[in-house]
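As a plain string of letters, each chain reads:
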Amino acid sequence: SRRASEGAEEAAVGPADDADEGAADDDKELKKVFLKLDAKGDGLLDQTEFLKALALCGSAFDQLSEKEQEQIFKFADTNKDGKVNLEEFGKWIAITKENLALFGLVDADSDGFITEEEWLSVMEKIELGLSKEAVAKAFKRTDANDDNVMNFIEFFRYMNGISDDGVFKRIRSWVRRMLTK
């Protein structure tokens, strides 16, 4: 139940006051990073400033094509005004952290890639009722560069696809349960 998960969360982080202090520290750190990236000082990140943030993330983000960078910027720009404000930036950071945590759960051998076997194993645990052929087909569609593994960016795009129903919704639900265990 929701109350049970809230209680477990509180037990994991300590009393609510400690959690509030931690959240306040996280908010301060987020704002500090955001202000450093906001070169114009207007409280908004344009695409150039946001892409600088991506480059600072390193790892998978520094290998993005121009099109992938644009897609991630559009994903972060939830109000579609061509800029990312502090709230949007915070949500993007939270979603990215959640995706990184899930990627780590699926990437069983921690090599930085998800194989079709790792993907199939997770899909079986989720119990979506999909055939192995359907899972393999979904994996192939997700593997945009046809290298037979799913990198984090391919995974990120899949997990944050336009559709929020069907398989996407069930995967996200499973992810949230796994991350709260």
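In the block above lies the structure referred to throughout.
This section reports on the structure supplied with the text. Fair warning: this is a prediction, and the values are worked out from it, not measured in the lab. (Residues numbered from 1 in each chain as written. Predicted model: local features only at pLDDT ≥ 70, side-chain atom pairs only at ≥ 80, totals over all residues. Heavy atoms only, no water.)

Before going further, it helps to spend a moment on the pattern of salt bridges. Overall, the coordinates contain 4 salt bridges when judged by the stated rule. A salt bridge links Lys74 to Glu70; its shortest N-O distance comes to 3.2 Å. Of this pair, Lys74 and Glu70 both sit in helix α4 (residues 66-76), 4 residues apart, roughly one helical turn. For Lys74, a relative accessible area of 48% puts it in the partly exposed group. The class of Glu70 is partly exposed, set by a relative accessible area of 35%. (Salt bridge = Lys/Arg side-chain N within 4 Å of Asp/Glu carboxyl O. Helix = DSSP H or I, 4+ residues; strand = E, 2+ residues; numbered from the N terminus. Buried < 20%, exposed > 50% of the residue type's maximum accessible area, 1.4 Å probe, protein only.)

We now examine unusual backbone geometry. The phi torsion at Lys80 lies on the positive side, around 60°, for a residue other than glycine. Relative to the helices and strands, Lys80 resides in the loop between α4 and β2 (84-85). Overall, Lys80 belongs to the exposed group, its relative accessible area being 59%. A positive phi angle, close to 70°, is found at Asn148, a residue other than glycine. Take Asn148: it is sitting in the loop between α7 (132-142) and β4 (149-150). The exposure class of Asn148 is partly exposed, given its relative accessible area of 48%.

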